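Understanding the architecture of this molecule
Given next are the chains, with one letter for each unit.
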Amino acid sequence: MLVRDIMNKYVLTCNRETTVHELVRLIVRNRIGAIPVVDDDNALAGIVTEGDLLYKKARPQAPNVVNILGASLYYGGYGKYEETFQKLLATQAGDIMTEDVEYVSPDTDADTVADMMVEDHLKYVPVVENGRLVGMVTRHDILAFMEKEGSAPGI
């Protein structure tokens, strides 16, 4: 079975300027866990997940500081905390989205996507064809496929 046979072809998307408030509203009202961010040509630019938005609610983890003779030394340096602070201060999808998105084509084997989800701890995988977003595969889609095919353990 191929991804094109199990993917959701009707994917709610947003652009880089969509506000964080609107993203939360869209995720809650549509009962989804992720929204792909696309440009004007429907090319995948990134993805915003529930986890990304939770950074806005969670308290930032301040770096450990040691004060030596009036100088503050930060363990791990700013780079270690940069992504957390960027997401905390984000106001738009372009600020909070994950840009390095793993995606598949519609002709990818469903088992390959399942393996990818398990190995890389992914819940949502965008489907891209000719540079444009054409669908999304979720863990639920994979489980529904397994149930339908009778390939789930104990089914």
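Report on the accompanying structure. Owing to the predicted nature of the structure, the values given are computational and were not obtained by experimental measurement.

We now examine the packing of helix α6 (residues 110-120) against helix α7 (residues 139-149). Packing of α6 against α7 brings their axes to within 10 Å, and their N-to-C directions diverge by 130°. Compared by their axis directions, α6 and α7 come out oblique. Seen along the crossing, α6 lies across α7 with a hand that is left-handed. Note on element contacts: α7 touches α6 through Arg139, Ile142 and Phe145, opposite Ala110, Asp111, Val113, Ala114 and Met117. The residue makeup of the contact of α6 with α7, split by class, is 6 nonpolar, no polar and 2 charged.

Phi angles above zero are rare outside glycine, and His121 is one such case at about 55°. The topology assignment puts His121 in the loop between α6 and β5 (124-129). Judged by its relative accessible area of 65%, His121 is exposed. One non-glycine residue, Asn130, lies in positive phi territory at about 55°.

In the sheet, β5 pairs with strand β6 (residues 132-138) via 6 bridges, with the strands oriented antiparallel. Its bridge partner being in β6, Val125 is matched across the sheet by Val137. Hairpin connection, β5 to β6: the antiparallel pair is bridged by 2 residues, and Asn130 has positive phi, about 55°.

Moving on to α6. When we look at burial in α6, the residues that qualify are Ala110, Val113, Ala114, Met116 and Met117. Buried residues along α6 cover an arc of 160° about the axis, so they all sit on one side. Opposite its buried face, α6 presents the exposed residues Val118 and Glu119, each directed more than 90 degrees away. Of the surrounding secondary structure, the elements contacted by the buried residues of α6 are α1 (3-6), β5, β6 and α7. Two to three positions downstream of the cap, the backbone nitrogen of Asp111 sits 3.0 Å from a side-chain oxygen, assigning the N-cap of α6 to Asp109. Two residues or fewer after α6 comes His121, characterised by a positive phi angle close to 55°.

So, on to the pattern of salt bridges. What the rule picks out here adds up to 3 salt bridges. With a shortest N-O distance of 2.7 Å, Asp107 and Arg4 are connected by a salt bridge. Of this pair, Asp107 sits in the loop between α5 (93-96) and α6 while Arg4 sits in helix α1, and the two are 103 residues apart along the sequence. Using a relative accessible area of 31% as the deciding quantity, one classes Arg4 as partly exposed.

Turning our eyes to something else, we now look at the environment of Ala43. As for its position among the elements, Ala43 is in the loop between β1 (34-38) and β2 (44-49). For Ala43 and Leu133, which are 90 residues apart along the polypeptide, the C-alpha to C-alpha distance reads 5.9 Å. Setting aside residues no more than four positions away along its own chain, Ala43 makes contact with Val37, Val38, Gly131 and Arg132.

This paragraph deals with helix α2 (residues 20-30). Among the residues of α2, Val20, Leu23, Leu26 and Ile27 are the ones counted as buried. Angularly, the buried residues of α2 cover 120° about the axis, an arc narrow enough to put them on a single face. Residues His21, Val28 and Arg29 are exposed on α2 and point more than 90 degrees away from its buried face. Contact partners of the buried residues in α2: β1, β2, α3 (50-54) and α5. Downstream of α2 by a residue or two, Arg31 has a phi angle that is positive, lying close to 50°.

Conventions adopted
- Residues numbered from 1 in each chain as written.
- Predicted model: local features only at pLDDT ≥ 70, side-chain atom pairs only at ≥ 80, totals over all residues.
- Heavy atoms only, no water.
- Axes fitted to C-alpha atoms, helices over the stretch in contact; angles between N-to-C directions.
- Helix = DSSP H or I, 4+ residues; strand = E, 2+ residues; numbered from the N terminus.
- Parallel < 35°, antiparallel > 145°, perpendicular 65-115°, else oblique.
- Left-handed = near helix turned anticlockwise from the far one by under 90°.
- Contact = heavy atoms within 4.5 Å.
- Nonpolar A, V, L, I, M, F, W, Y, C, P; charged D, E, K, R; others polar.
- Buried < 20%, exposed > 50% of the residue type's maximum accessible area, 1.4 Å probe, protein only.
- Pairing = 2+ DSSP bridges.
- Arc of directions from axis to C-beta.
- Polar contact = N/O pair within 3.5 Å; in protein donor to acceptor, adjacent residues only side chain to side chain.
- Salt bridge = Lys/Arg side-chain N within 4 Å of Asp/Glu carboxyl O.

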